[in-house]
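# Results of the structural survey
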Amino acid sequence: MEVTNGQGLLDLLRRPEFISAVLDPLLTAGSAPAPTGWEVSVAQLMGTERVTLEYRLADGSRLFLKAYDDAEEAAQASRALQGLWEAGFGGSARYRVAEPLAYLPIYQVLVMREAPGQSLATLMDADEAAGLEGMRAAARWLAALHRAPVRIGPSEDIGQGVFRLARRLAKAAARHPETEGMLIEMIEALADRAAALVPGRHLVQTHGRYHPGHVFLSGDVVTVIDLDRSHPCDPAKDVAEFLHRLYMKEAKDAQPGPTVVRAAQAFLEEYRQHALYPLVGLEYYWSYSLLATLLHTLRKRHLDPDTWERRVTYYREAFQTLPERLGQERAAGEQQAA
């Protein structure tokens, strides 16, 4: 079968001959009959060269195939997933990653088994009590990852991250010149907050994009997906991104309600109970996420003026008040410990 790009690759991955030649053998053990009744659908599509396809059998079981437009990104995603599976996050473990079934470099695709259970994002919307317990389970999974001795991929380059942010800032300021002064003040404040990232700080294997939609719960088992950006980094980065995404859920249209606040507190308290290292970089990484989201909002063309203004105001104020908020949380934690 010819390897093609773009829409051609998407079409190829759906063909019966690809399924029979590549996917069927992955589920055929010994003399077991080949699977029948595959249904294929697009689970996620980013352009035409990065896609996640869902392959569903008649019995309801599913495989996911993620195709990448960058060969090194595909190879690193495979190394991270396979490495973590073999390092204790697979098989019958309580804390797992999605099971890797195959990496096919000729197509730049990674084939995985589905994560069992219900996503934490869905659970939060359905049942607050269950959602809070799910938050604690997600925190324990993350602490287990950060305790793992494995190191896969290149360590974080903080300079590259700041460079990417500066490029976005320049584009946002060009589109909205009236925000230039505000944005310069924010990136200067971010530089000050980076002082906590002292040389020699602990680096752990991180998820890279941890949020409730990537966490699946089935009884006591916690399975996490989408480790494409997993690499050695400050543990605070995962925690900060998770909390940021959690607050973003309601921040797009209104101030976060008490349910989100309780969920964030449950996650953070549980993580701290099981973590090896203090979250010295939490303020910096959370601030980075807030500024990055603000810059993304500034570049959106489809938002109506009132929504645009509300979101920009929210992220700016959240960035400004974050040091005070984290100071209050640290004080409360120290008082509870005493």
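Right above here is the structure, for reference.
Here the residue numbers are simple positions, counted from 1 along each chain's written sequence. Only residues with pLDDT of 70 or above have their local features reported here, since the model is predicted, and side-chain atom pairs are shown and tallied only from 80 upward, although totals for entire chains, interfaces and linings are computed over all residues. Excluding hydrogens and water, the side-chain figures rest on all heavy atoms present in the structure.

As a further point, take helix H7 (residues 180-193). Because each turn of an α-helix spans 3.6 residues, side chains separated by three or four positions in sequence point in the same direction. Under the 1.5 Å per step criterion, the end-to-end length of H7 is 20 Å for 14 residues, consistent within 8% with the ideal 20 Å. For the exposure calls, accessible area comes from a 1.4 Å probe over protein chains only, and a residue counts as buried if that area is under 20% of its type's maximum, exposed if over 50%, partly exposed in between. In this description a helix means any DSSP run of H or I spanning at least four residues, a strand means any run of E spanning at least two, and both kinds are numbered starting from the N terminus. Among all positions of H7, only Met182, Leu183, Met186, Leu190 and Arg193 are buried. Each buried residue of H7 sits inside an arc of 95° when the element is viewed along its axis, so together they form one side. The exposed set on the far side of H7, more than 90 degrees from its buried face, consists of Glu185, Ala191 and Asp192. Here, expected helix span is obtained from the residue count minus one, scaled by 1.5 Å. The reported arc concerns the directions from the helix axis to the C-beta atoms and nothing else.

Quick look at the sheet that holds strand S10 (residues 221-224) now. Whether two strands pair comes down to DSSP finding at least two bridges between them. Pairing in this open sheet of four strands is mixed, and the strands run S4-S10-S9-S7 from one edge to the other. Either end of the sheet is taken by a strand with one partner, and the two such strands are strand S4 (95-97) and strand S7 (118-119). In the packing of helix H5 (residues 128-147) onto the sheet, the strands contacted are S4, strand S9 (215-218) and S10, and the crossing angle to S4 comes to about 75°. Whether two residues are in contact is decided by their heavy atoms, any of which lying within 4.5 Å being enough. Angles shown run from 0 to 180 degrees and are taken between the N-to-C directions of axes, each axis being a line fitted to C-alpha atoms and, for helices, limited to the stretch in contact.

What follows covers the packing of H5 against helix H9 (residues 258-274). H9 packs onto H5 with a crossing angle of 35° between their chain directions and a minimal axis gap of 8 Å. Viewed along their axes, H5 and H9 form a crossing whose handedness is right-handed. From H5, Glu128, Leu132, Met135, Arg136, Ala138, Ala139, Arg140, Leu142, Ala143, His146 and Arg147 reach across to H9, where they touch Thr259, Arg262, Ala263, Ala266, Phe267, Glu270, Tyr271 and His274. With the far helix as reference, a near helix turned anticlockwise by less than a right angle produces a left-handed crossing, and one turned clockwise produces a right-handed crossing.

Let's shift gears to the nonpolar core. With 80 residues, the main nonpolar core has Trp141, Leu183 and Phe267 as its most contacted residues. In terms of residue count, helix H10 (residues 282-298) provides more of this core than any other element does, eleven residues in total. When near neighbours in sequence (up to four residues on either side) are disregarded, Phe267 contacts Met135, Ala138, Ala139, Leu142, Tyr210, Val239, Phe242 and Leu243. Ranked by size, the runner-up nonpolar core spans 22 residues in total, among them Phe18, Leu23, Leu57 and Leu65. What we call a nonpolar core is a set of buried Ala, Val, Leu, Ile, Met, Phe, Trp, Tyr and Cys residues that are connected through their side-chain atoms within 4.5 Å.

No statement about biological role is implied by the geometric values presented.
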